[in-house]
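So you can see what is in the structure, the chains are spelled out below.
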Amino acid sequence: MLNRFSRSELLLGIDNIQKLSQTKVAVFGIGGVGSFVVEGLARGGIGKFVLIDSDDISLTNINRQIHALENTVGQKKTLIMKQRILAINPAACVQTIDELYTPQTADLFWQDDYDYVVDAIDDINGKVDLAVQAQKRSIPIISSMGTANKLDPQKFVITDIYKTHTCPLAKIMRKSLKQQGVKKLKVLFSTEEPHKNHIVDFTENTSRENQPASSRKQPLGTISFVPSVAGLLIAGEVIKDICNIKE
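Residues numbered from 1 in each chain as written. Predicted model: local features only at pLDDT ≥ 70, side-chain atom pairs only at ≥ 80, totals over all residues. Heavy atoms only, no water.

### Things to note about a nonpolar patch on the surface
On the surface, L59, I62 and V73 cluster together into a nonpolar patch covering about 240 Å² of accessible area. Mapped onto the elements of the fold, L59 is located in the loop between β2 (48-52) and α4 (77-88). Residue L59 is classed as exposed on the basis of its relative accessible area, which comes to 57%. (Patch = residues over 30% accessible without salt bridge, like charges linked within 9 Å, V, L, I, M, F, W, Y side chains within 5 Å. Areas by Shrake-Rupley, 256 points an atom, 1.4 Å probe, with all protein chains shown as cover. Salt bridge = Lys/Arg side-chain N within 4 Å of Asp/Glu carboxyl O. Helix = DSSP H or I, 4+ residues; strand = E, 2+ residues; numbered from the N terminus. Buried < 20%, exposed > 50% of the residue type's maximum accessible area, 1.4 Å probe, protein only.)

Here it is, written out as structure tokens:
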């Protein structure tokens, strides 16, 4: 009998489709990369999700986040992504946590039955701690490095953190993870040199317009076809790992 995952079953087999339906994946960060990770996982047959993000959808998210639309601006990213998952697969189980992940609050986010963790957050301290916590619990994890200020999605590579280069975020992560005793971490990174912003003083939050320029945190440039590809590559890696598919 045909169903929503029949085409995937032709490729992966019924046993793997059933396995995916029972797999629980926690996605930390439901932004440009994370929203497409979730999209790929949901359409790939993952049946259980925990979505973690404290942000609302903003107007400037529309250029790269799959849940960001004119009629979703101002709503919780986790809620809109949950609705999208259930529209894809009504049988899916979706839990949301609308909080900011920090090392100090880690215990609020971790569950013993995670089968896989995806790190798609921006905060370096949080990213390092996610890797530490996953290692401590022996839970598979993949972490996204920087995708902003990039224009070539063909330069993404999935490898171990200690084999990365070029990416400024990966450089910081390597040093911090080494200090924390994390000996390996699967990551997605780009070999492309980051581009510079065309606008020198870009203030996304108008409430900060009266602040000195030196005190404002300048956002990085993004484009529709880069974080989306990164997210789908990560989703593919998670599914292949769960199904034990070796290339």
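### Here we look at the nonpolar core
Ranked by internal contacts, the top residues of the largest apolar core, which has 36 residues, are V25, L41, F49 and V238. Among the elements of the structure, α2 (14-21), β1 (24-28), α3 (32-44), β2, α4, β4 (116-119) and α7 (227-242) are those that each provide at least two residues to this core. Residues in contact with V238, not counting those within four places in the same chain, are V25, L41, Y116, V118 and I142. I52, I97, V117 and A134 belong to the second-largest nonpolar core, a separate cluster that totals 30 residues. (Core = buried A, V, L, I, M, F, W, Y, C linked by side-chain atoms within 4.5 Å. Contact = heavy atoms within 4.5 Å.)

### Comments concerning helix α6 (residues 168-179)
Taking 1.5 Å as the rise per residue, α6 with 12 residues should run 16 Å; its terminal C-alpha atoms sit 17 Å apart, in good agreement. Within α6, the full set of buried residues consists of L169, A170, M173, S176 and L177. Taken down its axis, α6 places every buried residue within 130 degrees of arc, on the same side. In this structure, α6 carries K171, K175, K178 and Q179 as exposed residues pointing more than 90 degrees from its buried face. Here the buried face of α6 lies against α5 (124-137) and β5 (141-144). Note on α6: the residue one or two positions beyond its end, G181, has a positive phi of about 80 degrees. (Expected span 1.5 Å × (residues − 1). Arc of directions from axis to C-beta.)

### Considerations on the packing of α3 against α4
The angle between the axes and the distance between the axes are what describe a pair of packed helices. One can describe the packing of α3 onto α4 by two numbers: an axis separation of 9 Å at closest approach and a directional angle of 20 degrees. It follows that α3 is roughly parallel to α4 by the angle criterion. Here the hand of the crossing between α3 and α4 comes out right-handed. Residue-level contacts link S35, V38, E39, A42 and R43 of α3 to M81, R84, I85 and I88 of α4. Considering only residue class, the contact of α3 with α4 consists of five nonpolar, one polar and three charged. (Axes fitted to C-alpha atoms, helices over the stretch in contact; angles between N-to-C directions. Parallel < 35°, antiparallel > 145°, perpendicular 65-115°, else oblique. Left-handed = near helix turned anticlockwise from the far one by under 90°. Nonpolar A, V, L, I, M, F, W, Y, C, P; charged D, E, K, R; others polar.)

### Description of the packing of aromatic side chains
When we look at a pair of aromatic rings, we describe it by the centre distance and by the angle of the planes. Overall, the coordinates contain five aromatic pairs when judged by the stated rule. Ring geometry for Y101 against F109: centres 5.1 Å apart, planes inclined by 70 degrees, an arrangement best described as edge-to-face. According to the relative accessible area criterion, F109 is buried, its value standing at 1%. Between W110 and Y114 the ring centres are 5.9 Å apart and the planes differ by 55 degrees, which places this aromatic pair in the tilted class. Judged by relative accessible area, Y114 falls into the buried class, the value being 4%. Members of the aromatic cluster, joined through ring pairs, are F28, Y101, F109, W110 and Y114. (Phe/Tyr/Trp six-rings, centres within 6.5 Å; stacked < 30°, edge-to-face > 60°.)

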